[in-house]
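Structural overview
The lines below spell out each chain.
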Amino acid sequence: MLTEERYSKILEIVNDKKSVKITELCSILDASVSTVRRDLSSLHHIGKLVKVHGGAVANNDNFLFIEHNVEEKQVLYTEEKNAISKYAASLINDGDFVFVDAGTTTEKLADYITAKDVVFVTNAFINAKKLAAKGYKVYIPGGEIKISTEAIVGAKCVLDLKSYNFTKAFMGVNGISISGGYSTPDESEAIVKRTVIENSVKSYILADHSKFSQKYSVTFADIKDAEIVTDKEADKKYNEATNVNVV
């Protein structure tokens, strides 16, 4: 079993049972004690669970502050992110003018886009490279590079984005909650995201199920301001607040 598959399975078990022993995980995953301990340490480090003596317990903290880097995020929920981005790509029509946000889910969007004559704007170099390689016209805003998320942010970025009127925007997110809306721990990224959503006819939040009921320090949009594309059925309160597309 690949590392990211073990991570996903461990989180599923811990969040379902609220607590689990290392020996139980070894049996379910058919993995050694040292491998499971290493996995729990990694997941504890990025705040996905709490490692305790002999096992792990679910992380019930809903208000979070830590911003994890791209490398830490890329190993989690890879299958779910692929499914989400594949569905999101099907929402892009010929002739659209699209913004693609920085993020480990939005990064996969370019792999599945087939629409023609689409023009893109993105604040992520990896997105720009992948889209340009497929023959699309791509624009990058100016600004400051935030290395931990590989995103372009800052006043110049916001100013550039204000001049665009997008038909669709595909956004990343750190947390989704009814009280906190769509949130991120970084003010500079929040301003960029807020500007894009305000300048888009339709906005979509691409988020795996782990992002729900999580609240970070800066809200960049209300729940009703965008549709959600996710991999599992969310609590009905989210369906009552906006359209939730489950892939």
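Please refer to the structure higher up on the page.
A brief look at the structure comes next. (Residues numbered from 1 in each chain as written. Predicted model: local features only at pLDDT ≥ 70, side-chain atom pairs only at ≥ 80, totals over all residues. Heavy atoms only, no water.)

**Details of the pairing of strand β9 (residues 166-171)**
Of all six residues that make up β9, five are buried, and the element is covered over most of its length. With three bridges joining them, strand β4 (residues 97-100) and β9 adopt parallel strand pairing. In the sheet register, Val98 faces β9, and the bridge partner there is Lys168. Note: β9 against strand β12 (residues 200-206), five bridges, orientation parallel. Following the sheet pairing, Met171 is matched in β12 by Ile205. (Buried < 20%, exposed > 50% of the residue type's maximum accessible area, 1.4 Å probe, protein only. Helix = DSSP H or I, 4+ residues; strand = E, 2+ residues; numbered from the N terminus. Pairing = 2+ DSSP bridges.)

**Points about the sheet that holds strand β1 (residues 19-21)**
If you trace the three strands from one edge of the open sheet to the other, you get β1-β3-β2, paired in antiparallel fashion. Bordering the open sheet on either side are β1 and β2 (49-52), each of which pairs with just one other strand. Averaged over all pairs of adjacent strands, the angle between their axes in this sheet comes to 20°, without regard to strand direction. Sheet analysis places β2 next to strand β3 (residues 55-58), joined by four bridges and oriented antiparallel. In the sheet register, Lys51 faces β3, and the bridge partner there is Ala56. Where helix α2 (residues 22-29) meets the sheet, it contacts β1 and β3, and its direction lies at approximately 80° from that of β1. (Axes fitted to C-alpha atoms, helices over the stretch in contact; angles between N-to-C directions. Contact = heavy atoms within 4.5 Å.)

**Looking at the sheet that holds strand β10 (residues 175-177)**
Strand order in the open sheet made by the three strands is β10-β11-β13, with antiparallel pairing throughout. The sheet is open, and its two edges are formed by β10 and β13 (218-221), each paired on a single side. The average angle at which neighbouring strand axes cross in this sheet is 40°, direction not considered. Inspection of the sheet shows β10 paired to strand β11 (residues 181-184) by three bridges, in the antiparallel sense. From the neighbouring strand, Ser177 faces β11, where its bridge partner is Gly181. Against the sheet, helix α8 (residues 187-198) contacts β11 and β13, and its axis sits at roughly 15° relative to β13.

**Digging into the nonpolar core**
By size, the foremost hydrophobic cluster in this structure holds 33 residues, and its most contacted members are Phe99, Leu161, Ile176, Tyr182, Ile205 and Phe220. At the level of elements, β4, β8 (151-153), α7 (155-161), β9, α8 and β13 are the ones that each hand at least two residues to this core. Among the elements that take part in this core, α8 stands out by supplying four residues, more than any other. Excluding residues within four positions of it along the chain, Leu161 makes contact with Phe99, Val121, Pro141, Phe166, Val192, Thr195, Val196 and Asn199. (Core = buried A, V, L, I, M, F, W, Y, C linked by side-chain atoms within 4.5 Å.)

**Observations concerning α8**
Taking 1.5 Å per residue, twelve residues should reach 16 Å; α8 reaches 16 Å between its end C-alpha atoms and fits that length. Buried residues of α8: Glu189, Ala190, Val192, Lys193, Thr195, Val196 and Ile197, and no others. (Expected span 1.5 Å × (residues − 1).)

**As for the pattern of salt bridges**
Evaluation of the coordinates by the stated rule reveals eleven salt bridges. Here Lys146 makes a salt bridge to Glu189, at a shortest N to O gap of 3.3 Å. One end of the pair, Lys146, is in strand β7 (residues 144-146); the other, Glu189, is in helix α8, and 43 residues separate them in sequence. The pair formed by Lys146 and Glu189 is uniform in burial state, with each residue classed as buried. Linking Asp222 and Lys224 is a salt bridge whose minimum nitrogen-to-oxygen distance equals 4.0 Å. (Salt bridge = Lys/Arg side-chain N within 4 Å of Asp/Glu carboxyl O.)

**So, a nonpolar patch on the surface**
Together, Phe125, Ile140, Ile145 and Ile147 give the surface a local cluster of nonpolar side chains, amounting to about 420 Å² of exposed area. Here Ile140 is to be found in the loop between β6 (137-139) and β7. (Patch = residues over 30% accessible without salt bridge, like charges linked within 9 Å, V, L, I, M, F, W, Y side chains within 5 Å. Areas by Shrake-Rupley, 256 points an atom, 1.4 Å probe, with all protein chains shown as cover.)

**With respect to the packing of α2 against helix α3 (residues 33-45)**
To describe two helices that pack against each other, one gives the angle between their axes and the distance between the axes. Running from N to C, α2 and α3 point in directions that differ by 110°, and their axes come no closer than 9 Å. Classified by the interaxial angle, the pair formed by α2 and α3 is roughly perpendicular. Between α2 and α3, the contacting residues are Ile22, Leu25, Cys26 and Leu29 on the first element and Val33, Val36, Arg37 and Leu40 on the second. Tallied by class, the residues present in the contact of α2 with α3 amount to seven nonpolar, no polar and one charged. (Parallel < 35°, antiparallel > 145°, perpendicular 65-115°, else oblique. Nonpolar A, V, L, I, M, F, W, Y, C, P; charged D, E, K, R; others polar.)

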